[in-house]
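Chain by chain, the residues run as shown.
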Amino acid sequence: MRCTSFGHRTGPRVCECALGTANFGTRWGAGAGPDGARRIFDRFAEAGGTFLDTADTYQFGESEELTGKFVFVPITGPRNLTQLDDYLSALDVELTHDQFACLSDVSAVPLGVHHEAIAGSLGGIQGGDSGRVIAPAAAAA
């Protein structure tokens, strides 16, 4: 499957063909059940697919619940400022209070999507419990 850069120069590489997941589930009265959705997903992944279209409203949330069971993306790296401090300490690096505050400010920048919408969507992707998802902290240059 052909891939391209998502964005002008620095975006992640994604395949040019997206898999729409609106019919993963049957809560709308039609669609693929769990086994059928899994077969579709697996075939797409085997073909090299990396780009999924999903929304927490598809099949009244069932689509993201199923997709979350099919996709496993481990969160690596520090997930909060305490872990970041531990990681940096192991490297013999210390951040000042102002640098920590800067990281907090950067993480609060709105990216065009309401935080509530992201939390709701993550809840579906992770099987209905957004409390299990802890967004990774990322250092800003």
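Caption draft 1: Summary view of helix α2 (residues 62-70). Counting buried positions over the nine residues of α2 gives seven, a clear majority of the element. Three or more residues of α2 are buried, namely Glu62, Ser63, Glu64, Leu66, Thr67, Gly68 and Phe70.

Caption draft 2: Region of the structure containing the nonpolar core. Counting nine residues, the largest nonpolar core is built from Cys15, Leu19, Phe24, Ala32, Ala37, Phe41, Phe44, Leu66 and Phe70. Among the elements of the structure, α1 (34-46) and α2 are those that each provide at least two residues to this core. With three residues, α1 is the largest single contributor of residues to this core. Sequence-distant contacts of phenylalanine 41, defined by excluding residues within four places in its chain, comprise Leu19, Phe24, Leu52, Phe70 and Val71.

Caption draft 3: Structural view of the side chain of glutamate 62. One can find glutamate 62 in helix α2. Under the relative-accessibility criterion, glutamate 62 is labelled buried at 12%. A distance of 2.8 Å separates a polar atom in the side chain of glutamate 62 from the backbone nitrogen of threonine 26. Residues in contact with glutamate 62, not counting those within four places in the same chain, are Phe24, Gly25, Thr26 and Arg27.

Caption draft 4: Molecular detail of the pattern of salt bridges. Scanning the model with the defined rule gives four salt bridges in all. Between glutamate 16 and arginine 2 there is a salt bridge, with its nearest N and O atoms 2.7 Å apart. A residue pair is termed long-range when its members are at least 10 positions apart, and glutamate 16 in the loop between β2 (13-15) and β3 (18-20) and arginine 2 in the segment before β1 (3-5) qualify at 14 residues. Relative accessible area serves as the criterion here: at 62%, arginine 2 is assigned to the exposed category.

Caption draft 5: Region of the structure containing unusual backbone geometry. Notably, glutamine 59 is not glycine yet its phi reads approximately 55°, a positive angle. With respect to the helices and strands, glutamine 59 occurs in the loop between β4 (51-53) and α2. Residue glutamine 59 is classed as buried on the basis of its relative accessible area of 0%. A positive phi is found at phenylalanine 60, a non-glycine position, where the angle reads about 55°. Residue position: phenylalanine 60 is located in the loop between β4 and α2. For phenylalanine 60, a relative accessible area of 58% corresponds to the exposed category.

Definitions and cut-offs
Residues numbered from 1 in each chain as written. Predicted model: local features only at pLDDT ≥ 70, side-chain atom pairs only at ≥ 80, totals over all residues. Heavy atoms only, no water. Buried < 20%, exposed > 50% of the residue type's maximum accessible area, 1.4 Å probe, protein only. Helix = DSSP H or I, 4+ residues; strand = E, 2+ residues; numbered from the N terminus. Core = buried A, V, L, I, M, F, W, Y, C linked by side-chain atoms within 4.5 Å. Contact = heavy atoms within 4.5 Å. Polar contact = N/O pair within 3.5 Å; in protein donor to acceptor, adjacent residues only side chain to side chain. Salt bridge = Lys/Arg side-chain N within 4 Å of Asp/Glu carboxyl O.

Just geometry here; none of it tells us what the structure is for.
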